[in-house]
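# A look at the structure
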Amino acid sequence: MDLPTNTTKARQRIISYIRKTPLEYSLGLSKLADGCDVYIKLESEQITGSFKARGAFNKILMIAERSPESKQKGVITASSGNHGLGCLAACKRAGIPLKVYCQEHVDTGKKKWMEDQGATVVQIGEDCVEAEEEARRVANDTGVEYISPYNDYDIIAGQGTISIEILEQLPEVDAILVSVGGGGLIGGIARYAKQVKPSIKIIGCSPEKSKVMHESVKAKKLIYEESFDTLSDGTAGAIEENAVTFELCRDYVDEWILVTEEQIGKAIVFMVKNHHKIVEGAAGVALGAYMFNPERFKGLKVVILSCGANISTATLQNLLKEYA
């Protein structure tokens with residue numbers, strides 16, 4: 001699989017449908033480490049409020065081109081919210097019906113948004129991997145195409161288009177911090193960036209309460225580890241067996257940082273107070289990883305990926321009360 005080439009093709013395919021998001025300099029974050037210049041890649045301002053639109057558009061436009069019958073049969077995906085929203089936007093443009101499987105405790109705001117936009121939402125299981133397994137089973141049984149949120153090279157190539165933009169916007173970048181769930185985002189970014197600029201450092205960031213890929217890379221194989229409730233619901237949960245993202249994370253991610261719930265919350269509030277931006281918990285993971293470990297980045301030009309903005313009003317209000 002020539003992922004860098006496919007990433008370049010993905011960019012050409014989706015460029016008319018997604019935003020080239022801003023790369024914003026952060027004085028507040030830069031001041032935390034000597035000689036450090038920190039920039040925030042605002043995928044939180046992407047359509048649907050998340051980077052997930054990139055992979056979703058790449059995959060669904062490919063399906064629409066090769067399988068015209070999909071406009072009658074539809075497609076099936078599994079999502080804790082953001083991937084479903086991205087698929088829904090792409091399916092509406094392509095005229096393809098969408099059914100989304102998600103775990104029982106999915107964010108109610110994201111679920112309502114998907115349903116309001118016309119998706120059929122099915123809730124099943126306590127963990128996202130249970131929803132993925134059921135969605136894949138139903139797709140196989142019914143002959144409908146299944147779209148994985150991360151375990152798919154076309155999805156990964158779409159997410160990797162972010163690294164094309166970063167390298168255009170800041171060619172001298174030394175390190176990129178990325179939140180990690182199933183690994184599709186960091187896998188796509190790392191594989192392309194390392195091809196173009198081998199010296200670049202890719203830092204994987206995970207919440208302490210849900211760190212399956214972090215522990216899997218340590219174990220040198222995909223493992224199961226229980227996940228607990230976290231502000232970073234977009235990265236939470238188990239990973240599908242034999243996920244192609246494992247080898248990408250093992251081979252191309254240089255370092256890993258774990259963050260606490262308090263650090264995630266404080267990072268979210270930092271963005272509100274200092275950049276007047278709303279970001280979700282998954283974005284707070286990468287931001288918090290830098291904020292509470294700035295000494296690791298002295299003298300470097302750093303990009304932190306703010307991966308999404310889909311946080312509930314109630315959660316944001318609670319964080320502002322606690323940390324503002």
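Residues numbered from 1 in each chain as written. Predicted model: local features only at pLDDT ≥ 70, side-chain atom pairs only at ≥ 80, totals over all residues. Heavy atoms only, no water.

Under an unreviewed UniProt entry, the name given to the protein is L-serine ammonia-lyase, and the source organism is Mizuhopecten yessoensis. In its Catalytic activity (unreviewed entry) section, UniProt records this for the protein: "L-serine = pyruvate + NH4(+)". Check the Cofactor (unreviewed entry) section of the UniProt entry for the protein; it says "pyridoxal 5'-phosphate". (UniProt positions renumbered as here; feature names shortened; annotations may be inferred.)

Attention now goes to the pattern of salt bridges. Throughout the structure, instances matching the rule amount to 21 salt bridges. Close ionic contact of Glu165 with Lys41 constitutes a salt bridge, the shortest N to O distance being 2.7 Å. Within this pair, whereas Glu165 is found in helix 8 (residues 153-169), its partner Lys41 is found in strand 2 (residues 37-42), the two being separated by 124 residues in sequence. Where Lys211 meets Glu225, a salt bridge forms, and the shortest distance between an N and an O atom there is 3.2 Å. Placement of the pair is Lys211 in the loop between strand 8 (201-207) and helix 10 (212-219) and Glu225 in the loop between helix 10 and helix 11 (245-252), with a sequence separation of 14 residues. It is possible to trace a salt-bridge network through shared partners that takes in Lys41, Glu43, Arg54 and Glu165. (Salt bridge = Lys/Arg side-chain N within 4 Å of Asp/Glu carboxyl O. Helix = DSSP H or I, 4+ residues; strand = E, 2+ residues; numbered from the N terminus.)

What follows concerns the side chain of Gln103. Checked against the element boundaries, Gln103 lands in the loop between strand 4 (98-102) and helix 6 (108-116). The class for Gln103 is buried, based on a relative accessible area of 7%. In contact with Gln103, other than residues within four places in its own chain, are Ser79, Ser80, Gln123, Ile124, Gly125, Glu126, Asp127, Cys128 and Ala131. (Buried < 20%, exposed > 50% of the residue type's maximum accessible area, 1.4 Å probe, protein only. Contact = heavy atoms within 4.5 Å.)

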